[in-house]
Amino acid sequence: MLQTLKNYFGYDSFRPLQEEIIQHVLAKKDALVLMPTGGGKSICYQLPALLMEGTAIVISPLISLMKDQVEALKANGIPAGALNSGNSDTENMDIRRECILGKIKLLYISPEKLISEIHFLLKDITISLFAIDEAHCISQWGHDFRPEYTQLNALRQYFPNVPIIALTATADKITREDILKQLNLKSPRTFISSFDRPNLSLTVKRGYQQAEKTRTILDFIDSHKGQCGIIYCMSRSKAESVAVILQKHRISAAVYHAGLSAMARNKAQEDFINDKVQVVCATIAFGMGIDKSNVRWVIHYNLPKSIENFYQEIGRAGRDGLPSDTLLFYSLGDIVLLSKFAQESGQQAMNFDKLHRMQQYAEADICRRRILLNYFGENMEHNCGNCDVCKNPPEHFDGTILVQKALSAIARADEQISTRLLVDVLRGNYTPEIIKKQFDKLKTFGAGREVPARDWQDFLLQMLQLGYFEIAYNEDNHLKITESGKKVLYGIEKAPLVVIKREEFIPKPKGRKKKVEIPASAPRLLPLRQGEEDENLFEALRIYRKQLADEKKVPAYIILSDKVLHLLSSIRPTTIEDFGNISGIGAYKKEAYGEGFIKLIKKHL
Ligand code: ADP
Ligand code: MG
């Protein structure tokens with residue numbers, strides 16, 4: 001098994017659980033595999049497929065996913081193909097013929113195609129195993145339900161002796177049980193790996209308004225030069241307007257949402273995968289087909305509706321295991337809107353519960369990763385050190401007076417006031433609406449003038465989270481003081497609030513870049529130490545990789561991953577043998593690319 005792993009995939013060891021899972025499948029037993037995105041699920045069925053006689057059938061929900069996987073396999077010298085409606089009839093015929101001749105080790109297929117091909121497959125080819133990727137699509141409880149997936153319940157009956165392995169990154173219990181039940185798996189074993197993704201940093205920014213978000217995003221992208229990422233927005237129009245802002249700042253950005261034509265969506269996705277655009281601004285419609293390993297960051301412009309969604313979406317960053325950053329914006333407006341959606345949904349209680357858990361994450365004053373893992377039923381004993389709470393623990397102060405000012409304004413407005421107007425009252429703003437409602441006559445009008453509006457937004461969010469007031473979603477979002485709010489209002493209890501820390505946005509001096517930037521050809525002042533990464537070499541390798549990718553018409557990361565390029569530019573192998581020993585380079589890639597890369601490295605040295 002290890003030899004096959006090294007030979008085809010270039011890796012020296014298995015990740016946790018991979019080996020057990022592979023052995024289980026080789027013993028022809030059914031399995032359900034739960035691993036986070038980027039955890040390494042594919043190898044769990046690709047390696048057995050290589051070791052077993054016949055063809056492995058992989059069921060996958062999206063053509064783009066199949067394409068990516070087939071390209072990656074072929075790039076490792078593994079014969080693979082896909083049958084789907086994206087192919088021409090002749091292409092599908094050719095692939096069928098190759099399967100019958102036993103030439104294909106892995107055949108990717110969509111669920112509807114599988115059902116229509118079931119008699120052909122049954123009759124004519126030897127099937128080693130069935131792998132059902134993205135298996136949560138079978139469940140209505142999951143977030144990507146696909147009716148076609150439910151037909152897969154026939155597999156067990158048609159192929160009683162072929163092992164079935166179902167794989168997903170969605171771990172919640174209902175979905176998990178649903179998958180097992182619907183697929184009729186035969187005394188299956190469930191493998192659950194840790195959902196931790198230590199390479200993803202976690203940061204939350206609370207109470208930011210639009211202008212501040214924009215500045216933060218531009219700074220963020222500036223500090224991630226040349227690295228690609230995704231910005232998730234709650235609405236289609238927001239995705240579009242954010243893209244326009246980025247383009248104005250000469251950042252290449254594409255838009256992706258369900259309101260666009262299939263062609264436009266495809267183009268956005270392809271451009272992103274092929275590094276032709278740096279950023280995709282998208283709704284949640286984007287992502288399932290993205291196996292791109294070098295997504296370096298994910299920003300959430302709005303709060304997602306559940307931790308499952310959030311985790312799945314940030315999971316698209318850093319599949320290659322390299323450090324990647326995630327940033328979540330969280331504002332009162334999000335809560336109001338998401339609560340409205342939850343209220344109008346068919347499963348009110350469940351959706352409110354999920355939203356609350358998401359809010360707890362965003363409001364956390366303990367290690368955020370512990371909250372995430374705890375949600376997935378995992379206990380983490382230590383703080384992660386890679387989230388904003390760990391790096392910069394929140395400080396509290398006695399906010400009783402602030403809370404009293406806000407609550408008293410709510411009380412004096414007879415609880416007929418929304419947060420937006422409340423901020424105007426506290427700040428003493430004479431807006432037309434305030435005057436019309438005569439809120440300028442309230443005793444508390446202007447009582448919180450000394451606190452900037454954006455800080456009031458933040459404090460009100462904290463008060464909501466602390467349970468001092470509630471939002472009546474069915475009553476124009478008016479605010480209602482709770483029992484514990486009354487205790488603070490009447491001075492019976494104190495209110496601890498978190499100190500707001502904001503980065504100051506210092507305008508950059510013009511021409512600064514010219515002074516600090518060293519031209520690529522500048523001589524190094526100090527020789528590189530052994531094992532230290534040579535950044536100039538990395539750039540040179542990256543350009544060469546892009547050339548190869550364009551020649552072969554595949555995404556750059558299919559040729560070699562970013563991780564491999566980093567290893568190459570720090571280890572700097574000068575023989576083909578040493579090149580082949582780099583983790584992630586199998587026999588096929590050593591043969592195909594060794595010479596070219598070695599030549600470039602030698603020239604560079
Ligand atoms: P997912 O669980 O999301 O399907 P993938 O199977 O796509 O994840 O794997 C994610 C990344 O991890 C890929 O780049 C893959 O090559 C890499 N990987 C998988 N197994 C190993 C391993 N044993 N050692 C090193 N890298 C691995
Ligand atoms: Mg996968």
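Here the structure is a predicted model, which is why all the values come from computation and not from measurement.

The rules we used
- Residues numbered from 1 in each chain as written.
- Chains lettered and ligands numbered in written order.
- Predicted model: local features only at pLDDT ≥ 70, side-chain atom pairs only at ≥ 80, totals over all residues.
- Heavy atoms only, no water.
- Near = heavy atom within 4 Å.
- Polar contact = N/O pair within 3.5 Å; in protein donor to acceptor, adjacent residues only side chain to side chain.
- Areas by Shrake-Rupley, 256 points an atom, 1.4 Å probe, with all protein chains shown as cover.
- Nonpolar A, V, L, I, M, F, W, Y, C, P; charged D, E, K, R; others polar.
- Domains from an automatic or database assignment.
- Salt bridge = Lys/Arg side-chain N within 4 Å of Asp/Glu carboxyl O.
- Pairing = 2+ DSSP bridges.
- Helix = DSSP H or I, 4+ residues; strand = E, 2+ residues; numbered from the N terminus.
- Axes fitted to C-alpha atoms, helices over the stretch in contact; angles between N-to-C directions.
- Contact = heavy atoms within 4.5 Å.
- Phe/Tyr/Trp six-rings, centres within 6.5 Å; stacked < 30°, edge-to-face > 60°.
- Lys NZ or Arg CZ within 6 Å of the ring centre and 35° of its normal.

## Things to note about the site of ligand 1
- Not every one of the 14 residues close to ligand 1 is listed here, only the nearest: Tyr11, Ser13, Gly38, Lys41 and Ser42.
- Tyr11 places a side-chain nitrogen or oxygen 2.5 Å from an oxygen atom of ligand 1.
- Here an oxygen atom of ligand 1 and a backbone polar atom of Gly40 are 3.1 Å apart.
- Relative to its unbound accessible area of 570 Å², ligand 1 is 81% covered by the protein chains.
- Here the shell around ligand 1 is built from residues that sort into four nonpolar, seven polar and three charged.

## Quick word on the domain arrangement of the protein
- Examined at the domain level, the protein breaks down into domain 1 (2-192), domain 2 (200-391), domain 3 (396-498) and domain 4 (535-604).
- The C-alpha centroid of domain 2 is placed 29 Å from the C-alpha centroid of domain 1.
- Where domain 1 meets domain 2, there are one salt bridge.
- One salt bridge connects Glu270 with Lys67, and the closest N-O pair in it is separated by 3.4 Å.
- Run the count over domain 1 and domain 2 and you get two residue pairs in polar contact (both at pLDDT 80 or more).
- Classifying every residue of the side of domain 1 that touches domain 2 gives six nonpolar, six polar and six charged.

## Description of the sheet that holds strand 3 (residues 80-83)
- Pairing within the open sheet is parallel, and its seven strands lie in the order 3-4-2-5-6-1-7. Unpaired on one side and paired on the other, strand 3 and strand 7 (189-192) mark the two borders of the sheet. Taken pair by pair, the neighbouring strands of this sheet meet at an average axis angle of 20 degrees, ignoring direction.
- Pairing between strand 1 (residues 31-34) and strand 6 (residues 164-168): four bridges, direction parallel. Bridge assignment links Ala31 to a residue of strand 6, and that residue is Ile165.
- Sheet strands touched by helix 2 (residues 18-26): strand 1, strand 5 (127-132), strand 6 and strand 7. Its angle to strand 7, the strand with the most contacts, is close to 160 degrees.
- The strands touched by helix 8 (residues 173-183) are strand 1, strand 5, strand 6 and strand 7; relative to strand 1, the strand with the most contacts, the crossing angle is about 155 degrees.

## Focus: the packing of aromatic side chains
- Applying the stated criterion to the full structure yields 16 aromatic pairs.
- Ring geometry for Tyr256 and Phe286: centres 4.8 Å apart, planes at 55 degrees, overall tilted. Highlighted residues: Tyr256 in strand 10 (residues 253-256) and Phe286 in the loop between strand 11 (279-282) and strand 12 (297-300), separated in sequence by 30 residues.
- Taken together, the aromatic side chains of Phe195, Tyr311, Tyr375 and Phe376 make up a single cluster linked through ring pairs.
- When the ring centre of Phe272 is taken as origin, the NZ or CZ atom of Lys292, which lies over that ring, is 5.3 Å away.

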